[in-house]
Amino acid sequence: MADVSTNYLPAFELGDSSNGIARAFPCARAVLLCFVKEDCPTCGLTMGLIEAAHISFGALVEVWAIGQDAEGNAKLVERHRLTAPMLDDSALKVSFAYGLDTVPTIILADSRGAEIRRFAGFGRDDWREMFAELARLSGADSPSIDWKSYPESRPGCGSKSVEPGIAERLDAEARGDKLTARRIELGDAEDVFEFMFERGLTDGLPVVPPTPERVMWMLTGTRRDPRDVVATVPPNLAPVTVEKVAVNAVMAGCRPEYLPVVIAALEAVCTDEFNIHGVMATTWGATPVIVVSGPIRHRLGMNMGMMALGYGTRSNATIGRALKLVIRNVGGARPGEIERSTLGAIGKFTTCFAEWEERSPWEPLHVERGFKKEESVVTAFGLEAGSRQIADQTSRTARALVGSLGLGLEACWHPKQHGSGEILLIISPEHADTIARDKWNKAQVRARIQEVTSRPIRELLQDDDCGEGITLKALGMTNPTEEQLAQKIPKFRRPENINIIVAGGDAGKFSAVFAGWVSGPMGSSSVSRRIEEAI
Amino acid sequence: MKQVIIDPTDERVPLRRMLAARSGTIAGRVALLDIAKPRGDVLIDRLAEHLQDRLPGVEINRYRKPTFTKPAPDELRRRIAEESDFVIEALAD
């Protein structure tokens, strides 16, 4: 019966030790492929059997040793007085194509390349069965081997094709046609790290050089085609492909599984609502603040506990950095050019963390925003590029604590600026516990903040003691009455402008806030996007 | 060994534009664009007064962006280009 599902082994062409060329598949006869490398003792143990197979069956079955480095191959031939052809796979392309992990690997295939039998390492019984199979296939007699002189089994060694660095190169070569971006070839004497600095491609810290191997590795993190356009990136309105995102993710230090988060974050910020152009260009020190929600937080080992807003966690640090590098390198937002913050802030390097959903008394941020709990979501906020902490070590009720945090929020932008837009309040676990004890929901928290921050118009006007503040003109007033001046304005335009999540270490009665920038349709509104993982 | 890296940029070469020829006179239509920053209108008002004093023959048209945080909408840019010979943009604070 014809087996229509047979997978044939990959075709190849390799030079042999007598300057001939060996070609497979199809071949005139069945083939015994024996992958070996010189510095592997188990391969050494195997060489005599390869030679014996060649002598006994070579007239009817091709028996090929396939060696993984040119010098070592010659040594093996000499040391074992090999008369079987030794094919040179020092380029490792065939070893890679055959998916080898271990040498020796012995594969018997029919003339079309259908695999009959394969084993790796040394197994005395494997070889005995192989000889029996070769005898059956060829009709020749099995040689007499002193099997007792061989050990029962020996593990093999790692194939050179899976050595670190080599595997990635081979993978890149095998799939090299996927990359379409321009390749930059550096001179022999050039230092790649210095080159990246000199070309203005970094954020001021060294970046990982985006070699084709690393970019191919990064692309394994997404199912999307490298040529797909993810977004149009301001300020240059440049289309950015998945491949370009991957290049910058490599530079930032990401692992492939982070790539879908970077892509989703980029989609979120390159919307009219988020307005990344303004967030980058403003003289205020704003940046995209990225919050990751849902199960992916755990898969990426994201920090949502102690030091969540700080440093020391690869995924937190590099996802935010990759996003900024794309905006810089593809979008063209560079400090001193279109990025024009008066002072800037350290959070402009990277600001990305996760919510500690399991430690929160409330539903997670993404569920609040309409997503399912089991979905993984990224939310981008256009906020001040650094958080500020609010201490309260003594409040013991929700009312007292939230009132206290509210007063701490007065400093956002300026104490006399009221009617402001979005902020992100990060409540620490200890503070969350205090609020949860009184069973307050987020709406109560927001209402209390609005209550304690409300100030009479009179106190918020620009005056000789403090030139900053609101103007009567902005309020549409010309000659206000005392009653009008006594009207109170809360800190935030709407309670929903107060975004709340839980994160931080278990110990410490400190919460934190990211103050905003120009918020709403005239500036930036937060945007959430679902993360499409490759798994 | 040659090192190869993949270009992380958009690979576009910026277009170099020549400055328009200077005629030595200002005549025709001048656009004054307020980008909507606080007090930008104050600067634009003064500019308009001075221009009108010195160049009475010049036609001055005022434009305003909806918000300073975003690039000018395409329609506004098209109108300014069609209706003006000169543009002055105020970046006040």
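Nothing here was measured: the structure is a model prediction, and the numbers come from that model.

1. Quick look at the confidence of the model for chain B
Next up, step 1: The predicted model of chain B averages 87 in pLDDT, with 95% of residues at 70 or higher.
Next up, step 2: Across the predicted assembly, pTM comes out at 0.74 and ipTM at 0.78.

2. Points about the sheet that holds strand β4 (residues 86-90) of chain B
All names here are of chain B.
Next up, step 1: Taken in spatial order, the three strands of this open sheet run β3-β2-β4, and their pairing is parallel. Since the sheet does not close on itself, it has two edges, and those belong to β3 (59-64) and β4, each with one partner. Mean inter-strand twist for the sheet, computed between neighbouring axes without regard to direction, equals 20°.
Next up, step 2: When strand β2 (residues 29-34) meets β3, the two strands line up parallel, connected through six bridges. Note on β3: the bridge partner recorded for Leu-32 is Arg-62.
Next up, step 3: Contacting β2, β3 and β4, helix α1 (residues 40-54) runs over the sheet at an angle of about 165° to β2.
Next up, step 4: Strand contacts of helix α2 (residues 74-83): β2, β3 and β4, with the helix running at about 155° to β2, the strand carrying the most contacts.

3. Notes on the interface of chain B and chain A
Next up, step 1: Each partner contributes to the interface: chain B provides 15 residues, whereas chain A provides 30 residues.
Next up, step 2: Split into classes, the residues belonging to the side of chain B that touches chain A amount to five nonpolar, four polar and six charged.
Next up, step 3: Relative to strand β1 (residues 3-6) of chain B, strand β12 (residues 183-186) of chain A runs antiparallel, the two sharing four bridges. By the bridge assignment for β1(B), Glu185(A) is matched with Val4(B).

4. Observations concerning the packing of helix α14 (residues 398-409) of chain A against helix α16 (residues 442-453) of chain A
All names here are of chain A.
Next up, step 1: Following both chains from N to C, one finds α14 and α16 inclined at 55°, their axes separated by 8 Å at the closest point. Between α14 and α16, the angle is such that the two are oblique. The two elements α14 and α16 cross, and the hand of that crossing is right-handed. Here Arg-399, Val-402, Gly-403, Leu-405, Gly-406, Leu-407 and Leu-409 of α14 lie close against α16, whose contacting residues are Val-445, Arg-448, Ile-449, Val-452 and Thr-453.
Next up, step 2: Residues belonging to the contact of α14 with α16 are distributed by class as follows: seven nonpolar, three polar and two charged.

Cut-offs used in this document
- Residues numbered from 1 in each chain as written.
- Chains lettered and ligands numbered in written order.
- Predicted model: local features only at pLDDT ≥ 70, side-chain atom pairs only at ≥ 80, totals over all residues.
- pLDDT = per-residue confidence, 0-100.
- Pairing = 2+ DSSP bridges.
- Helix = DSSP H or I, 4+ residues; strand = E, 2+ residues; numbered from the N terminus.
- Axes fitted to C-alpha atoms, helices over the stretch in contact; angles between N-to-C directions.
- Contact = placed C-beta atoms within 7 Å.
- Nonpolar A, V, L, I, M, F, W, Y, C, P; charged D, E, K, R; others polar.
- Parallel < 35°, antiparallel > 145°, perpendicular 65-115°, else oblique.
- Left-handed = near helix turned anticlockwise from the far one by under 90°.

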